[in-house]
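Chain residues, written in single-letter form:
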Amino acid sequence: MLKLKTRTSSLKDGVNLLLKTAEMICLESMNDLKNVLHSLDGDRFLNLRCIDINKCRNMIYVVDTWESAPCVVFPLLEISEMRDLENLQEISHGRRLEGSFGQLQELRLHYLPELLNICRSPSENVPLRMLRVLTIYGCHKLKTIFSHSMVRNICQLLEMRVCVCKALDDIVNGEEREEINAIMFPRLRIVDLACLPELKSVFSLVSPLAETTEIVFPQLRMLELQRLPKIRSFISLGSSVADCIDLGTRLQEALFNNKVVFPNLERMSISHVENVMEIWASPFKPEVTLPRLMELSISDLKKLKHLWSGDLYEAAGFPSLSSLTLNSCPVMKVIAAMEENVTGFPEFPCLQTLKLSEISNLRSFFTGRHALCDEKVGFPRLKELCLCELPKLMHVWQYMDPFGTQVSFQTLRQLEIRRCDNLTSVLSCNNNRCTVVREEREKGAKMIVFPGLQFIQLSDLPKLMSFFTGNYTLFDEMVGRKNRDDCIPWFAIS
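What you see is a predicted model, and the numbers here were worked out from it, not measured in a lab. (Residues numbered from 1 in each chain as written. Predicted model: local features only at pLDDT ≥ 70, side-chain atom pairs only at ≥ 80, totals over all residues. Heavy atoms only, no water.)

Draft legend 1. Representation of the overall build of the chain within the structure. Across its full length, the chain carries seven helices and 33 strands. The long-range fraction of contacts in the chain, counting pairs at least 24 apart against all pairs at least 6 apart in sequence, stands at 83%. Carbon and sulfur atoms provide 48% of the accessible area of the chain, an area that totals close to 22,000 Å². (Helix = DSSP H or I, 4+ residues; strand = E, 2+ residues; numbered from the N terminus. Contact = heavy atoms within 4.5 Å. Areas by Shrake-Rupley, 256 points an atom, 1.4 Å probe, with all protein chains shown as cover.)

Structure follows, in structure tokens:
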């Protein structure tokens, strides 16, 4: 690796010779360097595979061929990192021949406050056909990253992370006269967007066929959206610019409309998205849109009314969801809002972890219920339940038949309940069967137990009267198991 750290770009002949054959170079603090290609006389850097440029304060373009004949530059370059370039406006300025930047796989841009674009136009852009990793941080004059016509050619991208760009309006913006490409970034696996105060949508596309277009991200595995205060929707589609803006306004309550599909998404995290009132618009079918979603985390959505609603209950539910975390959603009263005449309920056959905290109005999982969980809430594999600061919650479980096989605590291992001011019972029964528990026990009936429970923490619950409201002392039974081979739960009660 050749590292140059000097105040001047005037180099001796021996160094220039090394530049022509080097495969890796680092340019640091070369303050009078304005253009890598001509200032350093690297003969177009035909062997270069990796370049790191940082703290070159006066650099305006990395490559400037505007006043020269078109040529091939950086044909073998695979990795490019640029940091702390205070005056950089464009990566490439002017025309180049086919093959320039043709092998670029990783592009990392950090603290480039004057950068206006990554790809200037379809005819003058940096070829990104082989790009796999894109990281952008602190580029405050960027307004968009890709045009839709460019996205058609970016088929190898695996990771995209964009953070702290103050002026960014969208990630992809374009107007197409014909059909929009239904598959976006066919190999993209990770999208991480954070601290983008002006971002209004991730994809803003205009097409005459927008009404019938469905956008699919076939390989996306992880999606993180954090601190996006102005985002209206993940995708804005319209037949004209005016329609696109109007659609964004009308669907402002829903972050995801029914035009976007994530068939392989496994992890979704959304936090500090302040204006979103709904995550998914109806009709929403998770078994189609999110069939492999395993982890869902929602935090600090101040206007979120519920997580799911409407037609969800006609769906098969979330077949793969194993972890659900909700935090700081102050107006949420129920996790899933349903119509009164709906008879079906979604299932969560793989859910193992449920964490709910700082949801000041939460009363139940479903509309019209009197406890967080009952016969309609199916958590057959639930192992960890953590509840904290839910002041409106009165009961955790409430069953007509607490001896049934559908109850959601049979596999529970860890139970934590803290600072729930109105909680009166953990497990309640609204059937007179609970009054004959002792008689059934004497006849050999199945007892109410938590067979896998290993840890219980109950703290700051001023109105808690009992763990179980029936004629049965649940703690006595669990403590009475100490003569058996089963694991004894550990209690922390304060």
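And the narrative resumes.
Draft legend 2. Looking closely at the packing of aromatic side chains. Applying the stated criterion to the full structure yields 16 aromatic pairs. Relative to Phe234, the ring of Phe217 has its centre 6.0 Å away and its plane inclined at 75°; by these criteria the two rings are edge-to-face. Placement of Phe217 in the loop between strand S14 (215-216) and strand S15 (222-226) and of Phe234 in strand S16 (residues 233-238) is noted, with a sequence separation of 17 residues between them. The residues Phe217 and Phe234 share a single accessibility class, namely buried. (Phe/Tyr/Trp six-rings, centres within 6.5 Å; stacked < 30°, edge-to-face > 60°. Buried < 20%, exposed > 50% of the residue type's maximum accessible area, 1.4 Å probe, protein only.)

Draft legend 3. View of the confidence of the model for the chain. Mean pLDDT over the chain: 78, with 70% of residues reaching 70 or higher. In the model, residues 432-446 has pLDDT below 50 throughout and makes 21 contacts with residues more than four positions away in sequence or in other chains. Low pLDDT (under 50) marks residues 472-489, which in the prediction has 36 contacts with non-local residues, meaning those over four places away or in another chain. (pLDDT = per-residue confidence, 0-100.)

Draft legend 4. Spatial organisation of the pairing of strand S24 (residues 334-337). Pairing of strand S22 (residues 308-309) with S24 involves two bridges; the strand directions are parallel. The partner of Ser309 across the bridge, within S24, is Ala337. Note: S24 against strand S26 (residues 364-366), two bridges, orientation parallel. Looking at the pairing, Ala336 lines up with Phe366 of S26. (Pairing = 2+ DSSP bridges.)

Draft legend 5. Focus on the environment of Glu214. Structurally, the position occupied by Glu214 is in the loop between strand S13 (201-206) and S14. When its relative accessible area of 42% is taken as the criterion, Glu214 is described as partly exposed. In this structure, the C-alpha to C-alpha distance between Glu214 and Ile183, residues 31 residues apart in sequence, is 8.5 Å.

Draft legend 6. The arrangement of the pattern of salt bridges in detail. Counted by the stated rule, this structure contains 16 salt bridges. For Lys141, the salt bridge is made with Glu114, and the minimal N-O distance between the two is 2.7 Å. Placement of Lys141 in the loop between strand S8 (133-137) and strand S9 (146-147) and of Glu114 in the loop between strand S7 (106-110) and S8 is noted, with a sequence separation of 27 residues between them. Look at Lys141 and you get partly exposed, because its relative accessible area is 39%. (Salt bridge = Lys/Arg side-chain N within 4 Å of Asp/Glu carboxyl O.)

Draft legend 7. Expanded view of the sheet that holds S24. Across the sheet, three strands lie side by side as S22-S24-S26; this open sheet has parallel pairing. Because the sheet does not close on itself, it has two edges, and the strands there are S22 and S26.

Draft legend 8. Seen up close, unusual backbone geometry. You will see that Ser29, though not glycine, has its phi angle at about 55°, which is positive. In this structure, Ser29 sits in the loop between strand S2 (24-28) and helix H2 (36-39). In this model, Tyr111 sits at a positive phi of 55°, which is unusual for a non-glycine residue. If you trace the backbone, Tyr111 turns up in the loop between S7 and S8.

Draft legend 9. Structural context of the environment of Val331. Structurally, Val331 is set in the loop between strand S23 (323-327) and S24. When the C-alpha positions of Val331 and Asn361 are compared, they lie 6.0 Å apart, and in sequence the two are 30 residues distant. Apart from residues no more than four positions distant in its own chain, Val331 is found in contact with Lys302, Lys303, Leu304, Lys305 and Asn361.

Draft legend 10. Structural view of the environment of Leu390. The topology assignment puts Leu390 in the loop between strand S27 (384-388) and strand S28 (395-399). Exposure remark for Leu390: the relative accessible area of 0% places this residue in the buried category. Sequence spacing of Leu390 and Asp421 is 31 residues, and the spatial spacing of their C-alpha atoms is 7.3 Å. Those residues within four positions of Leu390 in sequence are excluded, and the remaining contacts are Leu356, Ser357, Glu358, Ile359, Leu362, Arg419, Cys420 and Asp421.

Draft legend 11. Inspection of the state of the cysteines at higher detail. Applying the stated criterion across every chain yields a total of zero disulfides. Here Cys165 stays unpaired: no disulfide links it, and the sulfur of Cys139, its closest cysteine neighbor, is 5.1 Å away. (Disulfide = S-S within 2.5 Å.)

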